[in-house]
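# Survey of secondary and tertiary structure
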Amino acid sequence: MRALLFLASLGFVAAENGLDGWLRYAPLPCSGHCHSSLPSSIAVLNATETSPVYVAGTELQNGLKGVYGKHVKVSHTKCKSSSLVVGTLDQYREHCGPVHGVPELEEDGFWLNTKGKNVQIIGQNEKGALYGTFEYLSMLAQGNFTKVSYASNPAANIRWVNQWDNMDGSIERGFGGPSIFFEKNRTVEDLTRVREYARLLASVRINAVVINNVNANPIILTPENLDGVAQIADVFRPYGIQVGLSLNFASPQTFGGLSTFDPLDASVIEWWSKITAQIYERVPDMAGYLVKADSEGQPGPQTYNRTLADAANLFAKEVKPYGGIVMYRAFVYNQLDENVWTDDRAKAAVDFFKKLDGEFDDNVVIQIKYGPIDFQVREPASPLFANLPKTSMAIELQVTQEYLGQQSHLVYVAPLWKEIFDTDLRVDHKPSLVRDIMTGKRFNRKLGGSAAVVNVGTNTTWLGSHLSMSNLYAYGRLAWNPADDAEEVLKDWIRLTFGLDRKVVDTITRMSMESWPAYEQYSGNLGIQTLTDILYTHYGPNPASQDNNGWGQWTRADHTSIGMDRTVSNGTGYSGQYPEEVAAMYENIETTPDNLLLWFHHVNYTHRLKSGKTVIQHFYDAHYTGAETAQTFLTQWESLHGKIDTERFNHVRRFLDYQGGHSIVWRDAINDFYYNLSGIPDEAKRVGHHPWRIEAEDMKLQGYKAYDVTPFEMASGTVAVVTTSNTTAGIASTRIGFASGKYDLAVNYYDVYGGKAEWKVYLNDREVGQWVGNGEDTLSHTPSTLLDGHSASRVTFRNVKIHKGDTLKIVGKPDGNEPAPLDYVSLLPAGIVD
Ligand code: GCU
C-alpha cells in the first residue's frame, strides 16, 4: 500500500505541460476493494474505428491503465462475458438482449449503471455512449467507486464552441498561441492537436465547433480549404462533434465575383446553394452556419434594406435539406452619439430583433451574448431573451477571457454565467429563468442551448494558462446542465487536473471562487463595466476610453456624476425592454441591486448605496479589497508547493505573481482617475498616498529621463522614466530613508512589446534581483507597444534585508523598442499591500 501510494505520488508530481487537460488519467493508488471494483473485460458494441463507441472503448482501456494500472481486454461482441458494456440502446438490444431499468433517454443522453465491476454504459446514440464513458472515467479518476444507476440527459441540443481562428493562423482574442486549424490561409496538415481538442470537448459533451472567426474570411470556401475542412470534420466525427462554418455575408460578391450580395437576389441565392452543396458533399454532417452580419463593419442585409430575417432565412433554406442549422448572431449595433442622452447600444439587439419574432425559419437560432453590450465583468441578462418567444435562441458566452484578464489573470467565469442563467426574467409574470429560455424549455422551442467563444491555440496549455482550463471544463458541464453548481463543477475539474489532495482541492477552489469577485472589484464595479481600454487591447485599465466615441460602452462620467441612465422615465428607455416586473425593478433606483446601479442609473459620486457607502468610496474600497484578494492567490498557490508537478506549479506561480502586481496597476489607475475627476478624497486616505513608494523620477538618474505617461493614471505620480538611448543602460539610484528591516521590494516597470530589456536591482552594489521584459512570451494577454495599463507590470523580491541609508540602484538595459521603463519602487513591510 505504502509503495503504491509512493509510486502514485511520483506519478502525480511528474512534469506536465497541460496538453491532456483534465483527461490525464494520472495514477491513483488502488487499495481496498479497488481492484475488485474495476471491470475485468470490456465489450464495445461497435467495431468501426471511427465510431464514438469504438473511441469510448479506447478511452476506457487507456483510462483504466493510466489511473489504476489495470490492463483490460476489449472485445466487440462478447457482451455476456464482459463486465463492462458500452454501446447504444439499439446495439445493446442487438448484442446483449433486452435492457432493464433504463428510463427514456433523450437525444445524446446516457444510462450509467455500475454494480462493482459490472458496468453498463448505454447511450441513446453513440455520442451518449461516449459521454457516459467519460462520466464513468471521471468518477474513477476521482477515486469514486460509488455504485450508481442513473440516466443523464442534456438540457439543450446546442452545445457549441466558436473558435475565432483566422485563415492566416492568428486568432482574434486568442491568448494561447496560433491556430490549431489554419496557417498561411490554408487548413493545417497535421491534425494531431485537432484530435486532442476533440477528445477534450467530447469529454464535456460539446457537440459542435465552428472553426473559423465570426469576422469571416471567404477564402475558407476555396475547394482546397473545403477539402481541409472535410479532413478536420473527419477528425472530430469519431468524438461526436460536428463542424460548423462562419460565413462572410458579402462572399457572393467579394469572393464569388457577383455584382451583389443581396440576400433576395436570385443569383446570390443560387451562389449560396452551390457553395452549400460543395460543403455538404465533403462534410455530409456539417452542423451549420454561424453568421455575424451588419455588425462592427461586417457586411449584412441592411446594405440592401433587407431584414435580418431575410438574411438568416436565406442560409436556413440552404442548410435545411442537409439537416443543418443557422446560428445568427444578435450582436448587431450601430455607432452612436454620446451627446444624445437616449442613444444606447444596450438597446440595439431588442430594437433589431424583437419586431422579427416569428419570421425566422425553424432551423434558425439567434445567438445572444449573455449581456446586451459585450462580455463585460458584469451585465444584466440580455433583455432579448425575454423578447423572442417565437424564435429559437442560444446564449453566447466567452471562455476566452477577452475582458477578464486574457488568461493572465485567474478569473473563474462560471459563477458569472450562473448569475445570468439563474436570472428570472418573469415573461408574462411567469417564472422565466434565462437557462430555461435559452434551452428552449420556456417557450417550447426544439432548438436551443449555448455557444462559447473558446480560442484554444497551439500552446500546450491550450488557452495560455493552466488555470483557465477550468472555464472550458465548466462551460461544457453547464452547457449540458446549466442548473449545475459552479463550485461542484470546479472541484471535479481540480481533482481531474491536479489530483485528489484535500489541500490542493480546497485551495484552488477558494482561489477560483474568489477570482471573479476580486476581478470585478479591481476592474470595474457597480455595473460600470470592466473599464478596460476598449479602443486598444481590451486588457489593462483605461476608463476614459469608454466615453467620447461612438462605440456606446459609455460611463457618462463627469466631475460630479457617473452611470448610464437607462430608465424609461428619464433615460434611454432600456429598462423598459424587460418584462414588467423586471423593468420595474431596474427602473427604480431603490430596487436596483447595487452591483448594477451604474448600469441603470446616473448618480452623483456622493450617492449612497444600500451599504451606506457613497459610490466613490465604494469604488476606492472595492479596488483596494480586490487587489488585496489578488495578492493572496500567489500565497495560496505557494502553499501547494510539492503537491503539484514543478512545470505546472512554476507556470501558474509566474501568472499569479504577475496578477498580484497587475491588480495594483488596475487599482491605482481607476482610483486615481476618479479621484482626479471627482476631486473627492478617499476617506481612508489611501488614494494618492503611497508612503512606501519611491518614484523613479525622484531618483538620481543617469542615462534615464523622465517620461510623462498618457493617460496620466497609468503611472504612479503620472511620470515614469525611460532610457535616454536605446542602446545604453540607464541607472536610477537613491538612498533608502526607511527604517532598517525586512521588506518586500517591488519594482513597477513597463513590459513593452518589441524588445526584451533587462533590469538589475542592487543594494550597495550587491545584486538582489534581476528580470527581463519578456511578458509577451511568458504571459498570455495581448502585449502593448506603449507605456500604458497593459504593459505596466510589477516584479517583487521578497524578504529583502534593508538598512537605513543603503543605496538602492536599478540598472535598466534597453532592447529594441523597450527603453527599460521604470515607474516606482515600493518597499513593503510585512502585511502592507501597495
Ligand atoms: C467583441 C470583440 C471582437 C469580436 C466581437 C464579436 O467586440 O472585441 O473581437 O469580433 O466581439 O463578438 O463579434
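Residues numbered from 1 in each chain as written. Predicted model: local features only at pLDDT ≥ 70, side-chain atom pairs only at ≥ 80, totals over all residues. Heavy atoms only, no water.

- An unreviewed UniProt entry lists the protein under the name Alpha-glucuronidase, with Penicillium bovifimosum as the source organism.
- Entered under Catalytic activity (unreviewed entry) in the UniProt record, the comment concerning the protein runs "an alpha-D-glucuronoside + H2O = D-glucuronate + an alcohol". (UniProt positions renumbered as here; feature names shortened; annotations may be inferred.)

### Quick look at the overall build of the protein
- When helices and strands are tallied, the protein shows 20 helices and 29 strands.
- For the protein, the C-alpha radius of gyration of 28 Å lies close to 28 Å, the compact-globule estimate for 834 residues.
- In terms of principal-axis extent, the alpha carbons of the protein reach across some 85 × 75 × 55 Å.
- In the protein, of all internal contacts separated by at least 6 residues, the share reaching a separation of at least 24 is 74%.
- With an accessible surface of roughly 29900 Å², the protein has 50% of that area assigned to carbon and sulfur atoms.
- Separation between the mean location of the 75 positive side-chain charges and that of the 95 negative ones in the protein comes to 7 Å. (Helix = DSSP H or I, 4+ residues; strand = E, 2+ residues; numbered from the N terminus. Rg over C-alpha atoms; globule rule 2.2 N^0.38 Å. Contact = heavy atoms within 4.5 Å. Areas by Shrake-Rupley, 256 points an atom, 1.4 Å probe, with all protein chains shown as cover. Lys, Arg positive; Asp, Glu negative; His and termini not counted. Charge placed at Lys NZ, Arg CZ, Asp CG, Glu CD.)

### Quick word on the confidence of the model for the protein
- On average, residues of the protein score 96 in pLDDT, and 98% of them are at 70 or above.
- Below a pLDDT of 50 lies the segment residues 1-12, which in the model reaches 12 contacts outside its immediate sequence neighbourhood of four places, other chains included. (pLDDT = per-residue confidence, 0-100.)

### A few points about the pattern of salt bridges
- In the structure shown here, the tally under the stated rule is 45 salt bridges.
- R686 is the salt-bridge partner of D621, the closest N and O atoms lying 2.6 Å from each other. One end of the pair, D621, is in helix α18 (residues 615-638); the other, R686, is in the loop between α19 (646-678) and β19 (693-695), and 65 residues separate them in sequence.
- Assessed through its relative accessible area of 22%, R686 is described here as partly exposed.
- The partner of D834 in a salt bridge is R667, with the nearest N and O atoms 2.5 Å apart. A residue pair is termed long-range when its members are at least 10 positions apart, and D834 in the segment after β29 (822-828) and R667 in helix α19 qualify at 167 residues. By the burial criterion, D834 is buried, and R667 matches it.
- Three or more residues joined by partner-sharing salt bridges are found here, namely E16, R24, D645 and R648. (Salt bridge = Lys/Arg side-chain N within 4 Å of Asp/Glu carboxyl O. Buried < 20%, exposed > 50% of the residue type's maximum accessible area, 1.4 Å probe, protein only.)

### Quick word on the state of the cysteines
- By the definition in use, this model includes two disulfides.
- At a sulfur-sulfur separation of 1.9 Å, the disulfide partner of C30 is C34. The disulfide joining C30 to C34 has a torsion of about -95° about its S-S bond and is therefore left-handed. Of the two residues examined, C30 and C34, each falls in the buried class.
- Here C79 pairs with C96 through a disulfide, and the sulfurs are 1.9 Å apart. Linking C79 and C96, the disulfide has an S-S dihedral of approximately 110° and is accordingly described as right-handed. (Disulfide = S-S within 2.5 Å.)

### Comments concerning the sheet that holds strand β16 (residues 448-453)
- If you walk around this closed barrel you meet the eight strands as β7-β10-β11-β12-β13-β14-β15-β16, and the pairing is parallel. Each strand axis lies, on average, 25° off the axis of its neighbour in the sheet, ignoring direction.
- Those strands touched by helix α6 (residues 223-236) are β10 (208-210) and β11 (242-247), and its axis lies near 145° from that of β11. (Pairing = 2+ DSSP bridges. Axes fitted to C-alpha atoms, helices over the stretch in contact; angles between N-to-C directions.)

### Focus: the side chain of E396
- Within the fold, E396 resides in strand β15 (residues 392-398).
- Residue classification places E396 among the buried residues on the basis of a relative accessible area of 0%.

### Overview of the site of the ligand
- As a matter of local geometry, the ligand sits amid 13 residues, with E172, K292, R329, K369 and E402 nearest to it.
- Take R173: an N or O atom from its side chain is 2.9 Å from an oxygen atom of the ligand.
- One of the side-chain nitrogen or oxygen atoms of E296 is found 3.1 Å away from an oxygen atom of the ligand.
- Within the complex, the protein chains bury 96% of what would otherwise be the 310 Å² of accessible surface of the ligand. (Near = heavy atom within 4 Å. Polar contact = N/O pair within 3.5 Å; in protein donor to acceptor, adjacent residues only side chain to side chain.)

### Some thoughts on the packing of aromatic side chains
- Counted under the stated rule, the structure contains 39 aromatic pairs.
- Considering the side-chain rings of Y370 and F375, the 5.9 Å spacing of their centres and the 55° angle between planes classify their relative orientation as tilted. Of the two residues examined, Y370 and F375, each falls in the buried class.
- Ring geometry for W417 and Y475: centres 6.2 Å apart, planes at 85°, overall edge-to-face. (Phe/Tyr/Trp six-rings, centres within 6.5 Å; stacked < 30°, edge-to-face > 60°.)

### Some remarks on the nonpolar core
- If you look at the biggest cluster of nonpolar residues, it comprises 215 residues, and the most contacted ones within it are Y197, F236, Y328, F353, W417 and W637.
- Setting aside residues up to four positions removed in sequence, Y197 forms contacts with V161, Q163, I180, F181, F236, V454, V456, W462 and L472.
- A696, Y749, L822 and V825 belong to the second-largest nonpolar core, a separate cluster that totals 28 residues. (Core = buried A, V, L, I, M, F, W, Y, C linked by side-chain atoms within 4.5 Å.)

### A short note on the domain arrangement of the protein
- For the protein, the domain assignment lists domain 1 (32-152), domain 2 (158-497), domain 3 (499-560 + 604-684), domain 4 (565-601) and domain 5 (693-828).
- On a C-alpha basis, the centroid separation for the pair domain 2 and domain 3 is 28 Å.
- Across the boundary between the two partners, domain 2 contributes 43 residues, which contact 45 residues of domain 3.
- Carbon and sulfur atoms make up 60% of the surface buried where domain 2 meets domain 3, a total of about 4000 Å² over both sides.
- Put simply, domain 2 and domain 3 have one salt bridge between them.
- E520 serves as the salt-bridge partner of R378, at 2.5 Å between the closest nitrogen and oxygen. (Domains from an automatic or database assignment. Buried area = accessible area lost by both parts, 1.4 Å probe.)

### Regarding the sheet that holds strand β5 (residues 118-123)
- The six strands are arranged β2-β1-β3-β5-β4-β6 in an open sheet whose pairing can be described as mixed. A strand with exactly one partner marks an edge of an open sheet, and here the two such strands are β2 (73-75) and β6 (149-152). Ignoring which end each strand starts from, the neighbouring axes of this sheet average 15° apart.
- Note: strand β3 (residues 84-88) against β5, five bridges, orientation parallel. When the sheet's bridge partners are listed, V85 is paired in β5 with Q120.
- Here helix α4 (residues 126-141) sits on the sheet and contacts β3, β4 (110-115), β5 and β6; the angle it forms with β4, its principal contact strand, is near 40°.

### Considering the environment of T439
- Mapped onto the secondary structure, T439 falls in the loop between α12 (434-438) and β16.
- Look at T439 and you get buried, because its relative accessible area is 9%.
- Taking C-alpha positions, T439 is 10 Å from F421, a pair spaced 18 residues apart along the chain.
- In this structure, T439 is in contact with A155, A156, R445, G448, G449 and P482, ignoring residues within four places of it in sequence.
- Side-chain polar atoms of T439 contact the backbone oxygen of R435, separated by 2.8 Å.
- In this structure the side chain of T439 is engaged in a polar contact, spanning 3.4 Å, whose partner is the backbone oxygen of D436.

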